[in-house]
Amino acid sequence: MLRICCLLLCMLLPCNSFAESTASNPELTSAISKLPKNSLRELPKLIETIEATESPKIKTILTSLLNGDLYYIRANKQVVRVVKNTEGLYDQWHILTDEQYPAVTKSKLKKIRTNNSIRGQIKSVLALLDLSHKDPSVRLEAVKRILDNPDKESTARLKKRLAKESDEAVTQTIQVAISVAALKFGSLEEQIAAVSVLAESLEPAANNVLSRTKESLTEKTAELAEGETLSAQEKTLQTAVNKALDKIEQKRDIYSFAENLFFGISLGSVLLLAAIGLAITFGVMGVINMAHGEMMMLGAYTTYVIQQMFPELINYSLFMAIPAAFLVSGLVGILIERGVIRYLKGRPLETLLATFGISLILQQLVRTIFSPLNRQVQAPDWMSGSLEINPIFSLTYNRLYIIIFSLAVFFALMLILKKTPLGLHVRAVAQNREMARALSIKSDWVDAITFGLGSGIAGIAGVVLSQLTNVGPNLGQSYIIDSFLVVVFGGVGNLWGTLVAAMSLGSMNKFLEPLTGSVLANIIVLVGLVLFIQKRPKGLFPQKGRSAD
Amino acid sequence: MKFKKLVAASSIIASSLVSQMAMAADTIKVGVLHSLSGTMAISETTLKDTVLMMIEEQNKAGGLLGKKLEPVVVDPASNWPLFAEKTRELLAKEKVDVIFGCWTSVSRKSALPVLEELNGLLFYPVQYEGEESSKNVFYTGAAPNQQAIPAVDYLMNDIGAERWVLAGTDYVYPRTTNKILKAYLKAKGVKEKDIMVNYTPFGHSDWQSIVADIKKFGSKGKKTAVVSTINGDANVPFYKELGNQGISADDIPVVAFSVGEEELSGFDTSPLVGHLAAWNYFQSVESDENTKFIKAWKKYIGDKKRVTNDPMEATYIGFKMWAKAVEKAGTTEVDAVSDAIIGVTVPNLTGGIAVMNANHHLSKPVLIGEIQDDGQFEVVWETPDTVIGDAWSDFLPSSKNLISDWTAPVKCGNFDVTTAKCSGQNF
């Protein structure tokens, strides 16, 4: 007896001390040592093995593997966690002991490969570990991860967690997850109870499991022999499921309408920004400026240059780019006005051709300076991601900010035109040039400034577009037609008309798109517009009075 | 006497002149037909440089048949009808022996009648929709069964996709490819309601509603995958929108056929990690040939950051094959080279051997890669063996009985195996 005890002690002691010294155990060490040689097919099993060791190290190992920071040293197959340092070398740490090795170049290391399904597996494992995380948002993420595909083990863990959970949102989601599992694996009573919980949830997983239950019940009915019917309980379940699905569907319809509206307004606000500068140069001054799109392009490239100049200030680059783009495009606009357009006053056809030529020159200039390839403009962190209102309705931040921003630009411009001396002069010259000159307004100077203002706003639009689309020499071309459409539709010379036109064109497009596809939606909107202009050649809000002619 | 001398002298001068002219004609002219301006310049300029690099290497190694190679570069400017004119210029005026060129299918279709009329020789290096086999064209890019079909197989078998979004740009390559894929999926038992097809114009930039639709389509309880034939720079806002709406690769993976290293270069790929692309070549594949090729390319172009991509490998293989065939035939005459090239082998850059088959298509390995955060691809799946390119898809009713075989006795690009007739209509 004593000898056995001794033996046991002997076996335990070294084990313990080993565990303390390296925070590891032999199973984990052997599993880790297998990582470099493993093929993608065998990796899931290995991850299960690692998970089963329940070592505190699991989380670091799996997170590194998930993020692609887990490498092995080519020479000795030692698994390390790496971080790229500022010199472009890789700092490395032993994955189990955290001992740091000297930094090396990438060629000395080889990444441990993962693929989508393995990353999914790792996320599920990590989700179970995160269930007791102290941050409620992490817990919520974890529950949502499990929600998609709960199995018996994870459900048991969720039930345990539910008892301790204090956060309301997490509690609700856990209940949904447990109900999803109940509907999947539970008895008929449990299923019926689960349906009532799921009917209130907008989680896609709830909808999924309900539709699947509905399908399986329908199949069951179809398989029944003549004269047989579903049991009373099954029928209750069927009606409950149908009701729940209807309820969810109704809510979904409302939200999908809201979503389309949001998309429409966001497209409208982009159109507004693109068109508003044109509304001034074309609408107020009557100059057909084909190089308007290129002013936007210059704005977008200004953003690129600013980001290149201050690479560590990406999060603030847009705030710097807005005034810079306004200045760059505005100055180029003034140059064009002074150099070309003023000599062509009253000759719209020549102006059109000349500005078209300028647009080609500007494009080629950009091609020569920046290469014909698209340039990458980074999105600041605060511009990416989305604001989740509920599981099926979320607003992307970039679009949200753009809507707010373009409205702000619009009202600022209104203010300038209505409340400042400059605005007064601009309106005076637009209405009656001769009279304005007689009142000692320098109409030439006003023309230049107005053109600069319109171009500068196009530059600001370019900053916004750099966040949405490719920054390349052809950026402007894709928006010039749309801009003209908006201005003509809204009524030349009327800023409010531009706002209404942009928003209604955007919404029309987005409501048609799910029905017809984007190609046909564009065509329908265009045909509608042509018909409208036939009927009302002066647009939605025609200018009235003598100055209109 | 004096007169005789004069005659002799002048004859010497004349003969030397003639021989000089002969020397000038004694190069092998290689036509390069890639757009160097316009929308396609982004992609095609790279291929022009690749051909020039190959010519330079070949000349360093002593040229071909004892002659130097001389490149003749023309610019069809992304203007499809101009491809026909420039082909005529290359063949009739410049009298080139071979042409490397074209990217879009519509440009190839434009050049094709001229090639057949003047009996030219074109090596076409880009993946395409198939349904074509001309005796004057060698297709070194992938046919649908070498790219699209294996990618769908991967999604179906390894990822377990059951619902499918076929999203593409609105032109001939995506439309034909999607037609083939739809027929293939249906043959595999996928129901009509589980397939969503969507087309967008070139350069589409507002992807909000389409991505929202994909999200909705994907939240019906079955694993959903997107097969993307979206072309060109419309991909950037598409992937951005996917990221912003929170669709990650493990929710709804997107497999793309037109997104490669070149398209991803200089683009922040961190939101794209895990999305897929199917190609026959990735720069990240480790092999001696590939390392050599990448090194040579970076040196030639003088930029350490430049990447290599699949159409470049196709150009490389096509050029090497042509050179081998010329040596085998002992002439650059088109018919002789066309006969000699069948069966010629060249090592792939990714390992294995590429063979030119009787249907003017190559045998290629198919690789599926996942996008990494450095803009490169990590291979997650590959076909165990090389796949023979199939000119006529087996999954379309109109072409399932057709084969292409340019060797005797069939000698036909469009041979109906059931009626044993050759329609002669090769495209």
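Residues numbered from 1 in each chain as written. Chains lettered and ligands numbered in written order. Predicted model: local features only at pLDDT ≥ 70, side-chain atom pairs only at ≥ 80, totals over all residues. Heavy atoms only, no water.

In the nomenclature of an unreviewed UniProt entry, chain B is known as Branched-chain amino acid ABC transporter substrate-binding protein of Catenovulum maritimum.

Chain A is annotated in an unreviewed UniProt entry as Urea ABC transporter permease from Catenovulum maritimum. In UniProt, chain A has this text filed under Subcellular location (unreviewed entry): "Cell inner membrane". Per UniProt, the comment on chain A under Sequence similarities (unreviewed entry) is "Belongs to the binding-protein-dependent transport system permease family. LivHM subfamily." (UniProt positions renumbered as here; feature names shortened; annotations may be inferred.)

Quick word on helix α2 (residues 26–34) of chain A
Among all positions in α2 of chain A, only L28, A31 and I32 of chain A are buried. Projected down its long axis, α2 of chain A carries its buried residues within an arc of 100°, all on one side. (Buried < 20%, exposed > 50% of the residue type's maximum accessible area, 1.4 Å probe, protein only. Helix = DSSP H or I, 4+ residues; strand = E, 2+ residues; numbered from the N terminus. Arc of directions from axis to C-beta.)

Here we look at the interface of chain A and chain B
When the parts come together, some accessible area is lost, and that loss is often what is quoted as the size of the interface. Taken residue by residue, the interface counts 51 residues in chain A and 48 residues in chain B. The contact between chain A and chain B buries some 3700 Å² in all, and 38% of this surface belongs to carbon and sulfur atoms. The tally of links between chain A and chain B comes to 9 salt bridges. For the pair chain A and chain B, the number of links is 13 residue pairs in polar contact (both at pLDDT 80 or more). The leading source of residues in the side of chain A that touches chain B is helix α11 (residues 232–284) of chain A, at 7 residues. Class assignment of the residues belonging to the side of chain A that touches chain B gives a composition of 13 nonpolar, 23 polar and 15 charged. (Contact = heavy atoms within 4.5 Å. Buried area = accessible area lost by both parts, 1.4 Å probe. Salt bridge = Lys/Arg side-chain N within 4 Å of Asp/Glu carboxyl O. Polar contact = N/O pair within 3.5 Å; in protein donor to acceptor, adjacent residues only side chain to side chain. Nonpolar A, V, L, I, M, F, W, Y, C, P; charged D, E, K, R; others polar.)

Observations concerning the sheet that holds strand β3 (residues 90–94) of chain A
To summarise the sheet geometry, strands pair through backbone hydrogen bonds and adopt either a parallel or an antiparallel arrangement. All names here are of chain A. Strand order in the open sheet formed by 5 strands is β4-β3-β2-β1-β5, with antiparallel pairing between adjacent strands. The open sheet terminates on both sides in strands that have one partner only, identified here as β4 (100–104) and β5 (109–111). With direction set aside, neighbouring strand axes in the sheet form an average angle of 40°. Sheet topology note: the strand β2 (residues 79–84)/β3 ladder contains 5 bridges and is antiparallel. Its bridge partner being in β3, K84 is matched across the sheet by Y90. (Pairing = 2+ DSSP bridges. Axes fitted to C-alpha atoms, helices over the stretch in contact; angles between N-to-C directions.)

Regarding the environment of V170 of chain A
All names here are of chain A. Topologically, V170 is positioned in helix α8 (residues 168–185). Owing to a relative accessible area of 1%, V170 belongs among the buried residues under this scheme. Those residues in contact with V170, other than ones at most four positions away along the chain, are P136, R139, L140, V143 and E165.

Topic: the pairing of strand β15 (residues 377–382) of chain B
Residues and elements named next belong to chain B. In terms of burial, β15 is a largely internal element, 5 of the 6 residues being buried. With 5 bridges connecting them, strand β14 (residues 367–371) and β15 associate as antiparallel partners. For L367, the partnering residue across the bridge sits in β15 and is E382. Between β14 and β15, which pair antiparallel one after the other, the connecting turn spans 5 residues, and G375 there sits at a positive phi close to 85°.

Let's talk about the UniProt feature "transmembrane region" (unreviewed entry) in chain A
Residue and element names in this part refer to chain A. Within this structure's numbering, the places UniProt gives as "transmembrane region" (unreviewed entry) are residues 261–288, 316–336, 348–366, 400–417, 445–468, 480–503 and 515–533. A distance of 26 Å separates the end C-alpha atoms of residues 400–417, which is 100% helix and 0% strand. Along residues 445–468 the backbone is 100% helical and 0% strand, and the end-to-end C-alpha distance reaches 35 Å.

Here we look at the confidence of the model for chain B
All names here are of chain B. Across chain B, pLDDT averages 88, with 93% of residues at or above 70. Mean pLDDT across the elements of chain B ranges from a minimum in helix α1 (residues 2–25), with 51, to a maximum in strand β4 (residues 122–124), with 97. Confidence drops under a pLDDT of 50 for residues 16–24, and excluding neighbours within four residues, the segment shows 0 contacts in the predicted structure. (pLDDT = per-residue confidence, 0-100.)

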